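Chain and residue survey
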Amino acid sequence: MAPNMMNDARVAELVREATAAPSMHNAQPWRFRYSRGSRCFRLYADFERALTESDPDARALHLGCGAALFNLRVAAADAACHPDVRLLPDPGDTALLATVRLTDPRGDDSALALLHPAIPERHTSRYPFAETEIPASLRTALTEAARQEGAALSFPSSWHLRWVEELAEEARARDLTDRDREAELKRWTRLGTSEADTATDGVPDYAFGPRQRGGRAPMRDFSGGRPTADFGSTPFENDPHLVLLSTDGDRPEDWLRGGQAMERVLLLATLEGLATSFSTEALEWPDLRWPLRDPVSGTGYVQTMLRLGYGPKGPTVPRRPVRDVLIIED
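We now turn to the structure provided with this report. In this convention, every chain numbers its residues from 1, walking through the sequence in written order. Selection of residues for local features in this predicted model requires a pLDDT of at least 70, selection of side-chain atom pairs for listing and counting requires 80 or more, and totals for whole chains, interfaces and linings are taken over all residues. Water and hydrogen atoms play no part in the side-chain values, which are based on all heavy atoms of the structure.

1. Thoughts on the sheet that holds strand β1 (residues 30-35)
At least two DSSP bridges between two strands are needed for those strands to be called paired. Strands here mean DSSP runs of E at least two residues long; helices mean DSSP runs of H or I at least four residues long; both are numbered from the N terminus. Pairing is mixed across the open sheet formed by five strands, whose spatial order is β3-β4-β2-β1-β13. In this open sheet, the two strands that pair with only one neighbour each are β3 (82-87) and β13 (326-329). Averaged over all pairs of adjacent strands, the angle between their axes in this sheet comes to 20°, without regard to strand direction. Taken strand by strand, helix α2 (residues 59-78) contacts β1, β2 (40-45), β3 and β4 (96-103), and its axis lies near 5° from that of β4. Axis lines are fitted to C-alpha atoms, over the contacting stretch for helices. Their N-to-C directions set the angle, which ranges from 0 to 180 degrees. The contact criterion used throughout is that any non-hydrogen atoms of two residues lie within 4.5 Å.

This is how it looks when you write it as structure tokens:
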């Protein structure tokens, strides 16, 4: 569809695909405006949905919005439009994170369009993964996907992997005794059939996954110690495949680039048959986040930690209606 033929229904569909992106606690901290005249989207941060305890600097908020921005780019490319992106176009408006102007397609848009089938298939999986090695060729492809968006992807191994797991365990222990974070987690989780089935945001209890009984995979307990439906307990991986995604800088623009890189990696992983989830607890404590960085180079800022593997796909979690996040204007 040519940019000048983009009707309101197609605009809404592009935003629906954009908002399939992951965000911390599924808070969905984004808003969109579309101008028919300029054929331009504006992506705004919704700071009312910020997680002030776990994400006081709104770093994770920007990552989630960056992921939504990448999905919008993929959806636009699939609709035969080139997404011309400007990050942080107005220094006087910190909520305006990006503009995306739809122009005539270009040859290099085809790589984006190839990722489009993965958008509805990508779900966070909080289930055990098989102890199966990820092929070296796929690791290389995932690393290249991050690089294309200006980020670096690394696969910790040996003592570094054990160190990353220990930092995650320390963060988990801290979370158990932090009442403010506990209250924030409760705000963004949905318990019981009546609440989980009608929610439009947050993490429903059917997506918590089984309770962890052994294994070294770092998993967040979304129940917060509250009684929930019994989804059983099971061992998780002893040797989880964890990956660290880093950027050279640590400013809002870097966070947005990191979010786009994260989503590009997640979509490619999904296309290649991998299940994916997040392990971000250590990143939510500044003194634990810094030691996660690459021990060889000692540079870069870790923006997120992913868990990859072969296993069941996670369930679909709720999304806010497009009418709640999109305004179309002349």
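2. Comments concerning the pattern of salt bridges
Here a salt bridge means any side-chain nitrogen of Lys or Arg lying within 4 Å of a carboxyl oxygen belonging to Asp or Glu. Taken as a whole and judged by the stated rule, the model has 29 salt bridges. The shortest N-O distance in the salt bridge between Glu149 and Arg264 comes to 2.6 Å. Taken together, the positions of Glu149 in the loop between α4 (136-148) and β5 (152-154) and Arg264 in helix α8 (residues 252-271) put the pair 115 residues apart, joining distant regions of the chain. The burial state of Glu149 is the same as that of Arg264; both residues are buried. A salt bridge links Asp250 to Arg289; the nearest nitrogen and oxygen atoms lie 2.7 Å apart. Remark: exposure states derive from per-residue accessible area (1.4 Å probe, protein chains only) relative to the maximum for the residue type, with buried under 20%, exposed over 50%, and partly exposed in between.

3. A closer look at the packing of aromatic side chains
When two rings of Phe, Tyr or Trp (its six-membered ring) have centres within 6.5 Å they constitute a pair, described as stacked for plane angles under 30 degrees, edge-to-face for angles over 60, and tilted for the intermediate range. This model, assessed by the stated rule, comprises three aromatic pairs. Measuring from ring centre to ring centre gives 5.8 Å for Trp290 and Tyr301, while their planes differ by 50°; the resulting arrangement is tilted. Pair noted here: Trp290 is in the loop between α9 (286-289) and β12 (301-309) and Tyr301 is in strand β12, with a separation of eleven residues, a long-range link. By relative accessible area, which is 41% here, Trp290 ends up partly exposed. For Tyr301, a relative accessible area of 30% translates into the label partly exposed. Here, over-ring charges are defined by two tests on the NZ atom of lysine or the CZ atom of arginine: distance to the ring centre within 6 Å, and angle to the ring normal within 35 degrees. The lysine or arginine in question, Arg174, covers the ring of Trp285, its NZ or CZ lying 5.1 Å from the ring centre. Lying over the aromatic face of Phe129, Arg307 brings its terminal NZ or CZ to 3.8 Å of the ring centre.

4. So, the state of the cysteines
In what follows, a disulfide is any cysteine sulfur pair within 2.5 Å. All chains considered together, the criterion is met by zero disulfides. A disulfide-free cysteine, Cys40 has its sulfur positioned 13 Å from the sulfur of Cys81, the nearest such atom. According to the relative accessible area criterion, Cys81 is buried, its value standing at 0%.

5. Regarding the packing of α4 against α8
Axis separation between α4 and α8 bottoms out at 8 Å; the angle between their running directions is 150°. Judged by the angle between their axes, α4 and α8 are roughly antiparallel. Crossing angle aside, the handedness with which α4 passes α8 is right-handed. Only Ala261, Arg264, Val265, Leu268 and Ala269 of α8 make contact with α4, whose side of the interface consists of Ala141, Leu142, Ala145, Ala146 and Gln148. Reported orientations rely on four angle classes, namely roughly parallel under 35 degrees, roughly antiparallel over 145, roughly perpendicular from 65 to 115, and oblique for the rest. Crossings are sorted by hand: turned counterclockwise from the far helix by less than a right angle, the near helix makes the crossing left-handed, and turned clockwise it makes it right-handed.

6. Remarks on the sheet that holds strand β10 (residues 241-247)
With antiparallel pairing, four strands are arranged side by side in an open sheet as β5-β10-β12-β11. Only two strands of the sheet have a single neighbouring strand rather than two, namely β5 and β11 (275-278). For this sheet, the mean angle separating the axes of adjacent strands, direction not counted, is 30°. This element, helix α5 (residues 158-176), spans β10 and β12 of the sheet and lies at about 85° to β10.

7. Remarks on α2
Expected helix span is given by 1.5 Å per residue-to-residue step, counting one fewer step than there are residues. For α2, which comprises 20 residues, the first-to-last C-alpha distance of 29 Å matches the rise-based estimate of 28 Å (1.5 Å per residue) to within 8%. Among the 20 residues of α2, 19 are classified as buried, and the element is accordingly described as predominantly covered. Of the residues trailing α2, Ala80 is marked for its positive phi of about 65°.

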